[in-house]
Amino acid sequence: MKKIYAANWKMHKSPKEARTFFGDLKSAAISDSAHLIIFPSSPCLEAASDFLAGNKIEFGSQNSHFESSGAFTGETSPLLVLQLGGKWALLGHSERRTLFAETSELVAKKARAAQGLGLTPMVCIGELLNERDEGRTNDILARQLTESLSGVDPSRGLVIAYEPVWAIGTGRVAGPDQVRDAHEFIYDYLGKLGFKEVPILYGGSVKPENAGTLVHIPHVDGFLIGGASLDVASFLKIASASN
Ligand code: PGA
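Residues numbered from 1 in each chain as written. Predicted model: local features only at pLDDT ≥ 70, side-chain atom pairs only at ≥ 80, totals over all residues. Heavy atoms only, no water.

Novice: I would appreciate a short explanation of the site of the ligand in the present structure.
Specialist: In the vicinity of the ligand there are 13 residues, among which K10, H93, E163, G169 and S205 approach most closely. Within the backbone of G169, a nitrogen or oxygen atom sits 2.6 Å from an oxygen atom of the ligand. Calculation on the ligand without its partners gives an accessible area of 280 Å², and the protein chains cover 96% of this total. Of the residues in the shell around the ligand, the class split is 4 nonpolar, 7 polar and 2 charged. (Near = heavy atom within 4 Å. Polar contact = N/O pair within 3.5 Å; in protein donor to acceptor, adjacent residues only side chain to side chain. Areas by Shrake-Rupley, 256 points an atom, 1.4 Å probe, with all protein chains shown as cover. Nonpolar A, V, L, I, M, F, W, Y, C, P; charged D, E, K, R; others polar.)

Below you can see the structure in the form of structure tokens.
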């Protein structure tokens, strides 16, 4: 299986900066073993479409509503993303969960809708620091998986991103043992839920310096990268981690 390297740009980059990035990325040599996905902010989706639609570098939205159209001010329509040539829907990122009160039930509803239209949901899960300190990591991951994947079709595309919340944007990457344990647990639990061969990405302060170690941990099928994905050279260095 190819390793997946997904860039979560959050609310960074102007459309002009996005175009420059896409141009640079397309002209770079990209390893055949790397599957690249970009999640730009909504105002940059059209730039992504212009440069990447039909390309082997894929893109998607950072959020995706459960309806295709209607009176949902501020939401992103999965149908419009699809029409732009997008293939992915990033769902349940911890910033959506903690800052915008998104529940796992809502994430599942969005994931079902995305799948129904032919987008692949990338569903994020991860524990808070206090939950880890209290020894509740596996319980939290199990609950988030059960609830966020309720009604999601195991026979259609799905990717899970494990992002310990305390490692996101903090520079504090999870240690190899923590990543190995969490990914093994998620892999086993997905199997119990009937999901086979679902790629599991790690996210949280992934950098060119730590990617080479993390990428070889069992059941780490790639990364979801925030800050270090904003620079083409740094993103490409991470994407060559498994070479
Ligand atoms: P980070 O963000 O790489 O900047 O920690 C990861 C994410 O939020 O997906």
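Novice: In this structure, what is going on with the packing of helix α1 (residues 15-27) against helix α2 (residues 45-52)? I would like to understand it.
Specialist: Think of two packed helices as two axes; the pair is described by the angle between the axes and how far apart they sit. Two elements in contact, α1 and α2, have axes separated by 9 Å at closest approach and are oriented at 25°. The angle between α1 and α2 falls in the class roughly parallel. By crossing handedness, the relation of α1 to α2 is classed as right-handed. Contacts from P15, A18, R19, F22, G23 and K26 of α1 reach α2 at E46, A47, A48, D50, F51 and L52. (Axes fitted to C-alpha atoms, helices over the stretch in contact; angles between N-to-C directions. Helix = DSSP H or I, 4+ residues; strand = E, 2+ residues; numbered from the N terminus. Parallel < 35°, antiparallel > 145°, perpendicular 65-115°, else oblique. Left-handed = near helix turned anticlockwise from the far one by under 90°. Contact = heavy atoms within 4.5 Å.)

Novice: I keep staring at the packing of aromatic side chains and nothing clicks. Help me out?
Specialist: To describe a pair of aromatic rings, you give the distance between the ring centres and the angle between the ring planes. One pass over the structure, following the stated rule, counts 9 aromatic pairs. A centroid spacing of 6.3 Å and a plane angle of 65° characterise the contact between F66 and F72, whose relative ring orientation is edge-to-face. Judged by relative accessible area, F66 falls into the partly exposed class, the value being 23%. Relative accessible area serves as the criterion here: at 34%, F72 is assigned to the partly exposed category. (Phe/Tyr/Trp six-rings, centres within 6.5 Å; stacked < 30°, edge-to-face > 60°. Buried < 20%, exposed > 50% of the residue type's maximum accessible area, 1.4 Å probe, protein only.)

Novice: Help me out: how do you make sense of helix α8 (residues 176-192) in this one?
Specialist: Three or four residues apart is the spacing at which side chains of an α-helix point the same way, because the helix has 3.6 residues per turn. In this model α8 runs 24 Å from its N-terminal to its C-terminal C-alpha over 17 residues, within 8% of the 24 Å that 1.5 Å per residue would give. Looking at the buried side of α8, the elements it contacts are β5 (120-125), α7 (137-148), β6 (159-162), β7 (200-203) and α9 (208-214). The first or second residue beyond α8 is G194, which carries a positive phi of 95°. (Expected span 1.5 Å × (residues − 1).)

Novice: Is there a simple way to think about the nonpolar core in this case?
Specialist: The nonpolar side chains of a soluble globular protein tend to be buried, and buried together. Y5, L25, L36, I38, I160 and F223 are the most contacted members of the largest nonpolar core, which has 62 residues in total. In this view, I160 contacts V123, I125, L145, L149, I186, L190, V198, P199, I200 and L201; residues no more than four positions away in its chain are not counted. Among the nonpolar cores identified, the runner-up in size contains 12 residues, and I4, I37, W88 and C124 belong to it. (Core = buried A, V, L, I, M, F, W, Y, C linked by side-chain atoms within 4.5 Å.)

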